[in-house]
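Okay, here's what each chain looks like letter by letter:
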Amino acid sequence: MDDMTRKNIDDIIRKKLLEGENYVDYQEADWNALESKLDAQKKVIPWMWIFSAAAVILLVAMFSWIIWKPTNNDTRPVTQNEPSQQTQPITPEPENNRSTESQNPKPVPNTRVLLAESSKKVQPSASNAGTQKEPQISIEEHELGQVLNLAENFNSFSTSELAVYSRRAPDERETQGVKPSISLAKQRNSWNGLAVGIIASTDLNGVGSFQHSSIGGDFGFTVTAQITDRWSISTGAIYAKKPYTIAYDQYRPGSNYQPSVQPDKVHADCRVLDIPVNINYTFLRRKEDSFSIGTGISSYLMLREDYYFRYANSYNQGSNELSIVNRNRHWFGVVNLQASYERQINTGLSIGFGPYLKLPVDDIGYGRVKLRSVGLAVTVNWHVLQ
Amino acid sequence: MAEESLQRLIDGCVQQERSSQKVLYELFYGFAMAICLRYAGNRYEAAEIMNEGFYKVFTNLQTYDSNRPFKPWIGRIMTNTAIDYYRANYKTNQFEELDETGSASDNASVVEKMAYQDLLALIQRLSPAYRTVFNLYAIDGFAHNEIAQILDISIGTSKSNLHKARQKLQEMIQKEAKLVNEKRNGI
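As the structure is a prediction and not an experimental result, all values here were calculated from the model.

**Brief notes about the overall build of chain B**
For step 1, the next point in the chain: Summing up its helical and strand segments, chain B has nine helices and zero strands in all.
For step 2, the next point in the chain: Overall, chain B shows an N-to-C arrangement of helices and strands of α-α-α-α-α-α-α-α-α.
For step 3, the next point in the chain: A total of 187 residues make up chain B; the buried ones form 51% of that total.
For step 4, the next point in the chain: Long-range contacts, defined as pairs at least 24 residues apart, comprise 69% of the intrachain contacts of chain B with a sequence gap of at least 6.
For step 5, the next point in the chain: Total accessible area on chain B stands at roughly 8,700 Å², and carbon and sulfur atoms take up 49% of it.

**Brief notes about the overall build of chain A**
For step 1, the next point in the chain: Along chain A, the regular secondary structure elements total eight helices and nine strands.
For step 2, the next point in the chain: Relative to its full complement of 386 residues, chain A shows a buried share of 43%.
For step 3, the next point in the chain: Summed over all atoms, the accessible surface of chain A reaches about 20,000 Å², with 58% contributed by carbon and sulfur.

**Quick word on the nonpolar core**
For step 1, the next point in the chain: Within the largest apolar cluster, 68 residues are counted, with the highest numbers of intra-cluster contacts made by Ile-13 of chain A together with Phe-54 and Phe-70 of chain B.
For step 2, the next point in the chain: Residues from two domains meet in this core; each of domain 1 (3-89) and domain 2 (108-184) of chain B gives at least three.
For step 3, the next point in the chain: Residues Cys-270, Val-272, Tyr-300 and Phe-309 of chain A belong to the second largest nonpolar core, which totals 19 residues.

**Some thoughts on unusual backbone geometry**
All names here are of chain A.
For step 1, the next point in the chain: At Phe-332, a residue that is not glycine, the phi angle is positive and equals roughly 50°.
For step 2, the next point in the chain: Within the secondary structure, Phe-332 is located in strand β7 (residues 329-344).
For step 3, the next point in the chain: Assessed through its relative accessible area of 54%, Phe-332 is described here as exposed.
For step 4, the next point in the chain: The backbone of Arg-368 shows a phi angle near 50°, a positive value even though the residue is not glycine.
For step 5, the next point in the chain: Position of Arg-368 relative to the elements: it lies in the loop between β8 (349-360) and β9 (371-385).

**Looking at a nonpolar patch on the surface**
Residue and element names in this part refer to chain A.
For step 1, the next point in the chain: A contiguous nonpolar patch, built from Val-196, Val-223, Trp-382, Val-384 and Leu-385 and spanning about 410 Å² of accessible area, is present on the exposed surface.
For step 2, the next point in the chain: Per-element accounting of the nonpolar patch gives the leading share, three residues, to β9.
For step 3, the next point in the chain: Considering the arrangement of structural elements, one finds Val-196 in strand β1 (residues 193-207).
For step 4, the next point in the chain: On the accessibility criterion, Val-196 (33% relative accessible area) is partly exposed.

**Focus: the interface of chain A and chain B**
For step 1, the next point in the chain: Facing the 47 residues of chain A at the interface are 56 residues of chain B.
For step 2, the next point in the chain: Taken together, the two surfaces of chain A and chain B that pack against each other cover about 4,900 Å², and 58% of this comes from carbon and sulfur.
For step 3, the next point in the chain: As a salt-bridge pair, Glu-52 of chain B and Lys-37 of chain A come within 2.7 Å of each other at their nearest N and O atoms.
For step 4, the next point in the chain: Mapped by element, the contributors of at least two residues to the side of chain A that touches chain B are α1 (3-18) and α2 (28-42) of chain A.
For step 5, the next point in the chain: Broken down by element, the side of chain A that touches chain B gets its largest block of residues, 11 residues, from α2 of chain A.

**A short note on the packing of helix α8 (residues 144-151) of chain B against helix α9 (residues 155-184) of chain B**
Residues and elements named next belong to chain B.
For step 1, the next point in the chain: It is the contact of α8 with α9, at a shortest axis distance of 8 Å, that shows an interaxial angle of 105°. Here α8 lies roughly perpendicular to α9, going by the angle between them. Only Ile-155, Ser-158, Lys-159 and Leu-162 of α9 make contact with α8, whose side of the interface consists of His-144, Asn-145, Ile-147 and Ala-148.
For step 2, the next point in the chain: When grouped by side-chain class, the residues that make up the contact of α8 with α9 number four nonpolar, three polar and one charged.

**A short note on the side chain of Asp-218 of chain A**
All names here are of chain A.
For step 1, the next point in the chain: Checked against the element boundaries, Asp-218 lands in strand β2 (residues 214-226).
For step 2, the next point in the chain: No salt bridge is formed by the buried Asp-218; the nearest opposite charge belongs to Lys-242, separated by 4.4 Å.
For step 3, the next point in the chain: Within the structure, Asp-218 has its side chain in polar contact with the side chain of Tyr-356 (distance 3.4 Å).
For step 4, the next point in the chain: Leaving out residues up to four positions away in the same chain, Asp-218 has contacts with Ile-199, Ala-200, Ser-201, Asp-203, Ile-238, Tyr-239, Ala-240, Lys-241, Lys-242 and Tyr-356.

**With respect to the packing of aromatic side chains**
For step 1, the next point in the chain: Using the criterion set out here, one finds 22 aromatic pairs over all chains in the structure.
For step 2, the next point in the chain: Centroid distance Phe-219 of chain A to Phe-221 of chain A: 6.1 Å. Interplanar angle 75°. Geometry classified as edge-to-face.
For step 3, the next point in the chain: Phe-219 of chain A gets classed as partly exposed once you look at its relative accessible area, which sits at 44%.
For step 4, the next point in the chain: Here the guanidinium or amino end of Lys-37 of chain A rests over the ring plane of Tyr-55 of chain B, the centre of that ring lying 5.0 Å away.
For step 5, the next point in the chain: Across the ring face of Phe-31 of chain B, the terminal group of Lys-71 of chain B is positioned such that the distance to the ring centre comes to 4.9 Å.

**Quick look at α9 of chain B**
Owing to its 3.6 residues per turn, the α-helix brings residues three or four apart onto one side.
For step 1, the next point in the chain: An ideal rise of 1.5 Å per residue puts 44 Å on 30 residues; α9 of chain B measures up with 43 Å between its terminal C-alpha atoms.
For step 2, the next point in the chain: Those residues of α9 of chain B that sit buried are Ser-158, Asn-161, Leu-162, Ala-165, Arg-166, Lys-168, Leu-169, Gln-170, Glu-171, Met-172, Ile-173 and Ala-177 of chain B.
For step 3, the next point in the chain: Looking at the packing, one finds that the buried side of α9 of chain B touches α1 of chain A together with α5 (107-113), α6 (116-125), α7 (128-139) and α8 of chain B.

**Overview of the pattern of salt bridges**
For step 1, the next point in the chain: All told, the structure shown has 23 salt bridges over all chains when counted by the stated rule.
For step 2, the next point in the chain: One connected set of salt bridges, linked through shared partners, spans Asp-249 and Arg-252 of chain A together with Asp-65 and Arg-68 of chain B.

**Focus on helix α2 (residues 18-39) of chain B**
For step 1, the next point in the chain: Where α2 of chain B bends most, the angle comes to about 55°, and this point is Tyr-29 of chain B.
For step 2, the next point in the chain: Among the 22 residues of α2 of chain B, 17 are classified as buried, and the element is accordingly described as predominantly covered.

**Quick notes on the pairing of strand β5 (residues 289-310) of chain A**
Residues and elements named next belong to chain A.
For step 1, the next point in the chain: Two elements, strand β4 (residues 265-286) and β5, share 21 bridges in a ladder whose sense is antiparallel. The residue bridging Val-272 from the neighbouring strand is Met-302, located in β5.
For step 2, the next point in the chain: The antiparallel pairing of β4 with β5 creates a hairpin that spans two residues between the two strands, and Lys-287 there sits at a positive phi of about 55°.
For step 3, the next point in the chain: Judged from the 12 bridges that link them, β5 and β7 form a sheet pairing that is antiparallel. What sits directly across from Tyr-300, in β7, is His-330.
For step 4, the next point in the chain: Where β5 and strand β6 (residues 321-325) come together, five bridges link them in antiparallel fashion. Across the sheet, Glu-305 pairs through a bridge with Ile-324, a residue of β6.

**Some details on the packing of α7 of chain B against α9 of chain B**
Residues and elements named next belong to chain B.
For step 1, the next point in the chain: Across the interface, α7 lies against α9 with an axial gap of 8 Å and an inter-helix angle of 100°. Relative to α9, α7 is oriented roughly perpendicular. Between α7, through Ala-129, Tyr-130, Val-133, Phe-134 and Tyr-137, and α9, the contact on the second element is made entirely by Ser-158, Asn-161, Leu-162, Lys-164, Ala-165, Arg-166 and Leu-169.
For step 2, the next point in the chain: Residue composition of the contact of α7 with α9, by class: eight nonpolar, two polar and two charged.

Thresholds applied
Residues numbered from 1 in each chain as written. Chains lettered and ligands numbered in written order. Predicted model: local features only at pLDDT ≥ 70, side-chain atom pairs only at ≥ 80, totals over all residues. Heavy atoms only, no water. Helix = DSSP H or I, 4+ residues; strand = E, 2+ residues; numbered from the N terminus. Buried < 20%, exposed > 50% of the residue type's maximum accessible area, 1.4 Å probe, protein only. Contact = heavy atoms within 4.5 Å. Areas by Shrake-Rupley, 256 points an atom, 1.4 Å probe, with all protein chains shown as cover. Core = buried A, V, L, I, M, F, W, Y, C linked by side-chain atoms within 4.5 Å. Domains from an automatic or database assignment. Patch = residues over 30% accessible without salt bridge, like charges linked within 9 Å, V, L, I, M, F, W, Y side chains within 5 Å. Salt bridge = Lys/Arg side-chain N within 4 Å of Asp/Glu carboxyl O. Buried area = accessible area lost by both parts, 1.4 Å probe. Axes fitted to C-alpha atoms, helices over the stretch in contact; angles between N-to-C directions. Parallel < 35°, antiparallel > 145°, perpendicular 65-115°, else oblique. Nonpolar A, V, L, I, M, F, W, Y, C, P; charged D, E, K, R; others polar. Lys, Arg positive; Asp, Glu negative; His and termini not counted. Polar contact = N/O pair within 3.5 Å; in protein donor to acceptor, adjacent residues only side chain to side chain. Phe/Tyr/Trp six-rings, centres within 6.5 Å; stacked < 30°, edge-to-face > 60°. Lys NZ or Arg CZ within 6 Å of the ring centre and 35° of its normal. Expected span 1.5 Å × (residues − 1). Bend = angle between axes of the 7 residues up to and from the residue. Pairing = 2+ DSSP bridges.

Structure follows, in structure tokens:
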């Protein structure tokens, strides 16, 4: 048989077989079999939703706890000459300390201990039987009361500062009342000025949706400037590992090269230098806790992009790889959205955490994909300038 | 089916709506099954392959680029699934021996007259190795070097399998022709 005839028969066969779709009978049993498979698959855990739900629940829980926990009574009337009124929180008696604690469940342990110590230092004089209150104590208490007021609001004090302050009062006998130092009075648990920090996070990276996303991680440094009481801007440099997997259709390099056997999937592993510029707004602040939201723009400098091509039949030995080093730069190509909870540990230190979202404006990387990230970040900040 | 209604259907499937998935399944059942039937040895196998293919379709629908035509996309998934099935189940089997073939001159007209189901039956009687190569080359248009990569065989094996597939087919067609003649002549 010659080639022409062979080809001819091939074509006839081909045509007939391709018309087969018109001759195939539908069988419901086939659908039923597939449906059971789909039902089984639906039970797959949607990590993305669990992840974000957990973050939201955590933030809401902290939020509610901050708002609704009992606060310290900071409007206690304190005068010098009415010691009898001052039975409330400032005695060294164990029972009263306990009531102190019940009134002030907020743990300011160092403060309370110091106050108790200071009270003990005062020599009790004879005036008020049954109590240890007297002018000296009243002075003490007045001062201590002030200190307690301060302490409630300015828990950023180091304990040594409080100790110095309390100890000074009886010696100096400043009966005119306490003059908290100006700087202390002005200090709140927020801070003005500059902070440097480190940030570490874990995120999901995906293209299109987060359905088939991969987990990556980031680590880096930040610098934050508090411009007003509520507003701050921040920037930094963060090294990010962003892996993701996409169908070959979504991989759109600029070149016209089409491989003869098309891969099915592409797995990418990108190392990115993320340079964010964000603006943040603190919408709630209670003592040492604050809640903020923010937005901004990130620039992605693609340090390294590794692409692994996977073929439909996994037995294909020729899985190709491609590495792009230091080529792509996406200046201001990604939009950031974040929320965070921050807790002041002391004057200089705070820690925070919160979720974030990164949505690309640019097509990212050699594959020119819309790479999105959602994750949870943990931060530690040192306030270097006040 | 109109573009927009197909797109809406696809959107419904992406949302995992069972009703949309069923409609899409019924819509492309014939097309998908026809591909799987010519790769498989029987209908039972073909249905397994097809459902595996549809499962991939429904779980990967969000990666489908709506700028590309949909039918070829499904078609590729079905073909790939059929190849995977062959590689997983049949690759290690022995090839069967070949009978000598006769003249092929009448074969073309015989095939022309054959019903789809009968031709399909002949295809399915080929050994899996021959059948797969024949499908990939003659129906799906792959080149030998591509087939070699897909099936992890040498180019020589691909060519030889194609040759043997054709020979076997001709053999069967001729037998078919004889049967038809006998019927016509009133046996």
